[in-house]
Amino acid sequence: MASSQEYRDFVLDQLAQSPDVKIRAMMGEYLLYWRGKLAGGIYDDRLLVKPVPAAVALMPNAPREIPYAGAKEMLLVENLDERDFLCRLLDAMYDELPTPKPKKAKP
């Protein structure tokens with residue numbers, strides 16, 4: 001099941017105070033980038049983030065869910081109504097997220 005446009009818009013609205021968030025459509029779901037690093041995504045109308053230590057520390061009781069078959073577990077963000085918390089969470093995660101690999105130049 002793909003995520004709905006309405007849920008995507010809701011998540012974007014919750015993060016609207018920050019210019020650091022970007023969402024990219026990917027096969028019916030949405031990848032969430034924070035300051036250019038992949039932090040998580042929207043899968044089946046659920047906001048899931050990578051389980052880096054900072055995210056686990058801020059959400060110690062967050063359920064771990066699989067975004068799609070064959071994927072690694074991620075943390076479910078349940079308190080989407082707290083805009084400040086969402087930005088704090090993503091800020092705390094930033095240094096622990098992998099740096100994107102540079103794109104290869106086209107010949």
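In what follows, the structure referred to is the one given above.
Not measured: the values here are computed from a predicted model.

## With respect to the layout of surface pockets
Line of reasoning, step 1. Within this model, the largest pocket holds a volume of roughly 380 Å³.
Line of reasoning, step 2. Lining the largest pocket are 15 residues, and of these Leu31, Tyr43, Pro67, Tyr68 and Ala71 lie nearest its centre.
Line of reasoning, step 3. Listed by contribution, the elements that provide at least two residues to the lining of the largest pocket are strand E2 (29–34) and strand E3 (37–43).
Line of reasoning, step 4. Element by element, the count of residues in the lining of the largest pocket is highest for E3, at three residues.

## Let's talk about the sheet that holds E3
Line of reasoning, step 1. Taken together, the six strands give an open sheet; going across it, the order is E1-E2-E3-E4-E6-E5, and neighbouring strands pair in antiparallel fashion. The two strands at the open ends of the sheet, each matched to only one other strand, are strand E1 (21–26) and strand E5 (64–65).
Line of reasoning, step 2. Relative to strand E6 (residues 74–76), strand E4 (residues 46–49) runs antiparallel, the two being bridged by two bridges. If you follow Val49 over to E6, its bridge partner there is Leu75.
Line of reasoning, step 3. Contacting E2, E3 and E4, helix H3 (residues 83–94) crosses the sheet at an angle of about 70 degrees to E2.

Calculation rules
Residues numbered from 1 in each chain as written. Predicted model: local features only at pLDDT ≥ 70, side-chain atom pairs only at ≥ 80, totals over all residues. Heavy atoms only, no water. 1 Å grid on protein atoms, 1.4 Å probe; cavity = no way out; pocket = protein on both sides within 12 Å on 5 of 7 lines; lining within 4 Å. Points joined across faces, edges and corners; volume = space filled by probe spheres on them. Helix = DSSP H or I, 4+ residues; strand = E, 2+ residues; numbered from the N terminus. Pairing = 2+ DSSP bridges. Contact = heavy atoms within 4.5 Å. Axes fitted to C-alpha atoms, helices over the stretch in contact; angles between N-to-C directions.

Bear in mind that shape data such as this cannot, by itself, settle questions of function.
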